[in-house]
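Remarks on the overall topology
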Amino acid sequence: MRSMLSVSISAIAVVAASASFAGTVKYYADYDPAPLAAMQEIIADFEAANPDIKIEFQNFDHEGYKTSIRNFLSADAPDLANWYAGNRMAPFVNSGQFMDVSDVWEENGLKEDLASALPSMTIDGKQWGVPYTYYQWGIYYNKSVYADAGVEVPETWDQFVENCAVFQEAGIDCLTTGTKALWPGAGIFDYMNMRTNGYEFHMALANGEAAWTSDEVKATFANWAKIVEPGYITKNHAALDWQDAAALLVQGKAANYVMGNFAVAVFKEGGMTNDTLGFMPFPTIDPNVPRAEEAPTDTIHIPSGATNVEDAKKFLAYMAGAEAQTKMNAAMGQLPINKNASVNEEDPFIKAGFELLSTTPGGIAQFFDRDAPAEMAKMGMEGFQEFMVKPERLDAILERLEKARGRVYK
């Protein structure tokens, strides 16, 4: 998750019970303060409903957790561990360090209740953990800019491109972004690719199974070029942080921004309100391609070295339920995955995101730098930035990425 919080809770142990007995479940996680408090409540509720089970919970800072998980999965594994969906969990699945929990999904009706996240939790036809939160990406737009330009919110890519010409005539960037840190450009690429080719091709590309020089990838960039070549994107985006680009949307110097829901706080801090800030799904490019969405997903897994698997599965099932997911995501300001959970009806962006992701027919992607291996993700994002600055270099960019594919996925 790209969190706006930067915290260090250096290995704070939050122990739910001092006594250690057969019903103890060891749980390692990396929560920020607000979700940490919510998880403590959820653990208390679970223990009240299951008095023979005690959750021994230890919370680490994010970066420390990322570097230590490989070690503790190999030696002295807990019974539960936080991680991420999609390709981020694949190495632990492929190495046999995460347990197959398909029975938890089957016995608790999770394939229906958590349907939107099922593809990202499935490898080789099996489920390897339970998702508990995600947040939508899409296009945030300035309603005042739209009104002044006299254009409608687009549903198709052709309509979006037509609007761009109107905005440019008015001296406004149709689409803003800040790619100094590279990752915002990946969000644009993912949507261009999924709307052109669909979720399955997106995953094939991330898995190294599709060529960067393929006709499908070239079609993605041809659609992207419709806003790159005319100069509809903020020209100095490569020198901007994502917050700098957000300021352009706030100031009315830009009309649209492809970004995750965590940016809403920045837009509102800049002075935007629900009356001036809007949200739309990324427009349809090919109506025959099922709509897929970008929604980085946080998950809980049972390590293969777990000693109390039976009780760990009970907690997974509890965490997958509507009540726990409602409580957790209210604290996080994010979205529950269980379709029966409740969201803040007074927050139009949370409400819109819940409706968008709960009805996604084509799959949930995890963001390019989660779905692809780290080296490929870095080179890909460098290529996306370069394309938006120098679109005439596309062939060389794709050849370079194809060579990298041959090396990275050996």
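Nothing here was measured: the structure is a model prediction, and the numbers come from that model.

Attention now goes to the domain arrangement of the protein chain. Along its sequence, the protein chain is carved into domain 1 (22-134 + 296-341) and domain 2 (137-294 + 365-408). Centre-to-centre separation of domain 1 and domain 2, based on C-alpha positions: 31 Å. Taken residue by residue, the interface counts 11 residues in domain 1 and 13 residues in domain 2. Together, N87, R88 and P296 form the three largest contributors to the area buried by domain 1 at its contact with domain 2, with a combined 64%. Along the contact surface separating domain 1 from domain 2 lie 1 salt bridge. Of the residues assigned to the side of domain 1 that touches domain 2, the class counts are 4 nonpolar, 5 polar and 2 charged.

Among the structural elements, A147 can be located in helix α6 (residues 143-149). Judged by relative accessible area, A147 falls into the exposed class, the value being 56%. Taking the C-alpha atoms as reference, A147 lies 10.0 Å from T276; in sequence the two are 129 residues apart.

On to the state of the cysteines. Considering all chains together, one arrives at 1 disulfide under this definition. One disulfide in the model links C164 with C174; its S-S distance is 2.1 Å. Here the disulfide of C164 and C174 is left-handed, its torsion about the S-S bond being about -60°. Of this pair, C164 sits in helix α7 (residues 157-169) while C174 is found in strand β9 (residues 173-176), placing the two residues 10 residues apart along the sequence.

Another point: the packing of aromatic side chains. Taken as a whole and assessed by the stated rule, the structure comprises 43 aromatic pairs. Taken together, a centroid distance of 5.1 Å and an interplanar angle of 50° make the contact between Y27 and F57 tilted. On the criterion of sequence distance, the pair formed by Y27 in strand β2 (residues 24-29) and F57 in strand β3 (residues 54-59) is long-range, its members being 30 residues apart. Neither Y27 nor F57 differs from the other in exposure class; each is buried. Among the aromatic residues, ring-to-ring pairing joins Y27, Y31, F46, F57, Y132, F315 and Y318 into one connected group.

Two faces, one strand: in a regular strand the side chains alternate between the faces of the sheet. Counting buried positions over the 6 residues of strand β8 (residues 137-142) gives 6, a clear majority of the element. Sheet topology places β8 next to strand β10 (residues 254-260); 5 bridges connect them, and they run antiparallel. For I139, the partnering residue across the bridge sits in β10 and is V258. Bridge count for β8 against strand β11 (residues 277-280) is 4 bridges, and the pairing is antiparallel. Looking across to β11, one finds that Y140 is bridged to F279.

What follows covers the pairing of β3. Taking every second residue as pointing to the same face, the buried face of β3 carries I55, F57 and N59, while none of K54, E56 and Q58 on the other face is buried. Summarising the sheet, β2 and β3 pair through 6 bridges and their orientation is parallel. What sits directly across from Y28, in β3, is Q58. Assessed by its sense of winding, the connection that carries the chain from β2 through helix α1 (residues 33-49) to β3 is right-handed.

Quick notes on the rules
- Residues numbered from 1 in each chain as written.
- Predicted model: local features only at pLDDT ≥ 70, side-chain atom pairs only at ≥ 80, totals over all residues.
- Heavy atoms only, no water.
- Domains from an automatic or database assignment.
- Contact = heavy atoms within 4.5 Å.
- Buried area = accessible area lost by both parts, 1.4 Å probe.
- Salt bridge = Lys/Arg side-chain N within 4 Å of Asp/Glu carboxyl O.
- Nonpolar A, V, L, I, M, F, W, Y, C, P; charged D, E, K, R; others polar.
- Helix = DSSP H or I, 4+ residues; strand = E, 2+ residues; numbered from the N terminus.
- Buried < 20%, exposed > 50% of the residue type's maximum accessible area, 1.4 Å probe, protein only.
- Disulfide = S-S within 2.5 Å.
- Phe/Tyr/Trp six-rings, centres within 6.5 Å; stacked < 30°, edge-to-face > 60°.
- Pairing = 2+ DSSP bridges.
- Right-handed = clockwise from strand over helix to strand, strands pointing away.

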